[in-house]
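# Geometric and topological summary
Below are the chains, spelled out letter by letter.
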Amino acid sequence: MNTNNQTGRNISLIVGAYFILKSVINLILGGGVSDIVIAVAEAVALYTGLMYLNYVVAALIVIIHLPANISHFTDNWIYLLEGVIDIIFAVIICINPNVKEHFTNKWSSNSGSK
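The notes below deal with the structure included here.

Conventions we followed
Within any chain, residue numbers begin from 1 and follow the written order of that chain's sequence. Owing to the predicted nature of the model, reporting of local features is limited to residues with pLDDT of at least 70; listing and counting of side-chain atom pairs is limited to 80 or more, with chain, interface and lining totals taken over all residues. As a rule here, side-chain values come from all non-hydrogen atoms in the structure, and water together with hydrogens is ignored. The term nonpolar core refers to a set of buried residues drawn from Ala, Val, Leu, Ile, Met, Phe, Trp, Tyr and Cys, joined through side-chain atoms within 4.5 Å. Only protein chains enter the accessibility calculation, which uses a 1.4 Å probe; a residue whose area is less than 20% of its type maximum is buried, one above 50% is exposed, and one in between is partly exposed. Strands are runs of DSSP state E lasting at least two residues, helices are runs of H or I lasting at least four, and both sets are numbered from the N terminus onward. Every helix has an expected span of 1.5 Å times one less than the residues it contains. We call two residues in contact whenever any of their non-hydrogen atoms come within 4.5 Å of each other. Only the contacting stretch of a helix is used when fitting its axis, a line to C-alpha atoms as for every element, and angles between N-to-C directions run 0 to 180 degrees. Any angle from 65 to 115 degrees is called roughly perpendicular, while one under 35 is roughly parallel, one over 145 is roughly antiparallel, and all others are oblique. We call Asp, Glu, Lys and Arg charged. Ala, Val, Leu, Ile, Met, Phe, Trp, Tyr, Cys and Pro are nonpolar, and the rest, Gly among them, are polar.

### Observations regarding the nonpolar core
Nonpolar side chains in soluble globular proteins tend to be buried together. Counting 17 residues, the largest nonpolar core has Val15, Phe19, Leu46, Val57, Ile61 and Ile93 as its most contacted members. Sorting the residues of this core by element identifies helix 1 (6-28), helix 2 (33-48), helix 3 (53-72) and helix 4 (77-95) as the ones contributing at least two each.

Quick look at the structure:
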């Protein structure tokens, strides 16, 4: 899949790799396989650069990952740190100009004309 900004794609891949690594560590610590499936889906979405998927992934980060971090931070401060990192990455994939340019790929290469 082509990208309109290689730097934006690299940033997106770092964010995706973070979520996969975090899910693997959580699996080792007693989490579920579904976390890895979600993280891989997020990473694939970030790789594609399809329009608006960066906002979808950011919303998933807030809806799926953040509540778990907030609810567990009283048990261990590492959850609070994890939540802060999640928020930083969600903001980066929404406002970084390079990442925004990466997410300009059209959903269909077929323009409808023949």
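### Examining unusual backbone geometry
Keep in mind that most residues, glycine aside, have a negative phi and that most peptide bonds are trans. Phi angles above zero are rare outside glycine, and Tyr52 is one such case at about 75 degrees. Relative to the assigned elements, Tyr52 resides in the loop between helix 2 and helix 3. The class for Tyr52 is exposed, based on a relative accessible area of 53%.

### Structural notes on helix 2
The terminal C-alpha atoms of helix 2 lie 23 Å apart, and with 16 residues this matches the ideal 22 Å at 1.5 Å per residue to within 8%. Restricting attention to buried positions, one finds in helix 2 the residues Ile36, Ala39, Glu42, Ala43, Ala45, Leu46 and Thr48. Looking at the buried residues of helix 2, the elements they touch are helix 1, helix 3, helix 4 and helix 5 (97-102). Gly49 sits one or two residues past helix 2 and shows a positive phi near 75 degrees.

### Considering the packing of helix 1 against helix 2
Running from N to C, helix 1 and helix 2 point in directions that differ by 175 degrees, and their axes come no closer than 8 Å. In terms of orientation, helix 1 and helix 2 fall into the roughly antiparallel class. Contacts between helix 1 and helix 2 involve Arg9, Ser12, Leu13, Val15, Gly16, Phe19, Ile20, Ser23, Val24 and Leu27 on the former and, on the latter, Val33, Asp35, Ile36, Ala39, Val40, Glu42, Ala43, Leu46, Tyr47 and Thr48. Of the residues contributing to the contact of helix 1 with helix 2, the split by class is 13 nonpolar, four polar and three charged.

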